[in-house]
Amino acid sequence: QVQLVESGGGLVQPGGSLRLSCALSGTISVIDAMGWYRQAPGKQRELVATFTSAGSTTYADSVKGRFTISRDNAKDMLYLQMNSLKPEDTAVYYCNTFLRETGKPFRDYWGQGTQVTVSS
């Protein structure tokens, strides 16, 4: 069974930094994409940053130049380095992957989310 477990959220002042981590586990056959999404109160879930199957990255315009997505394939870990945080970055951040478990079709998997609050 595939599991995604996020960590690293918390309360930070504007201008500060946080690093989110996502641990992936399970009997994985093929990973097509991995990324980070966020959902602020009263808003729809939105893409923050992703890796495509080709290894390229995509960022939301609102985080370009401030956030960096990275991964450690050997450890099945995904990271999001967030710098110059703003109050509007406050949200629950979710790790996502589109993959195929051994013997099963491709599908989306989501972590439980980690709260990021940017406030003075």
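Further up the page is the structure itself.
Description of the structure in this document. Starting from 1, residues in each chain are numbered consecutively following that chain's sequence as written. Residues qualify for local features only when their pLDDT is at least 70, as the model is predicted, and side-chain atom pairs are given and counted only at 80 or more; totals for whole chains, interfaces and linings, by contrast, use all residues. Just so you know, side-chain values use all the structure's heavy atoms and leave hydrogens and water out.

**Here we look at the sheet that holds strand 3 (residues 18-25)**
Now for step 1: Pairing between strands is defined by DSSP: at least two bridges between the two strands are required. Runs of H or I in DSSP of at least four residues are treated as helices and runs of E of at least two as strands, each being numbered from the N terminus. With antiparallel pairing, the four strands of this open sheet are ordered in space as 1-3-8-7. Single-partner strands in this sheet number two, and they are strand 1 (3-7) and strand 7 (67-72). Sheet twist, expressed as the average angle between the axes of neighbouring strands with direction ignored, equals 15°.
Now for step 2: Pairing of strand 7 with strand 8 (residues 77-82), which is carried by six bridges, proceeds in the antiparallel orientation. Bridging from a neighbouring strand, T68 pairs with Q81 of strand 8. Here an angle of 0 to 180 degrees is reported between the N-to-C directions of two axes, which are lines fitted to C-alpha atoms, with helices fitted over the stretch in contact.

**Topic: the state of the cysteines**
Note: disulfide means a covalent bond formed between the sulfur atoms of two cysteine side chains.
Now for step 1: Two cysteine sulfur atoms form a disulfide, by the criterion used here, when they sit within 2.5 Å. Per the counting criterion, the structure on display carries one disulfide.
Now for step 2: Covalently, C22 is tied to C95 through a disulfide, its sulfur atoms 2.1 Å apart. Every disulfide takes its handedness from the sign of the S-S torsion; for C22 and C95 that torsion is -85°, giving left-handed. Of this pair, C22 sits in strand 3 while C95 sits in strand 9 (residues 91-101), and the two are 73 residues apart along the sequence. Each member of the pair C22 and C95 is classed as buried. Each residue gets one of three labels from its accessible area relative to the maximum for its type: buried under 20%, exposed over 50%, partly exposed in between, using a 1.4 Å probe on protein chains only.

**Structural notes on the pairing of strand 11 (residues 114-118)**
Side-chain positions along a regular strand alternate between the two faces of the sheet.
Now for step 1: Of the two faces of strand 11, only one is covered, namely that formed by T114, V116 and V118; the face formed by Q115 and T117 stays uncovered.
Now for step 2: Note: strand 2 (residues 10-12) against strand 11, three bridges, orientation parallel. Bridge pairing in strand 11 places G10 opposite V116.

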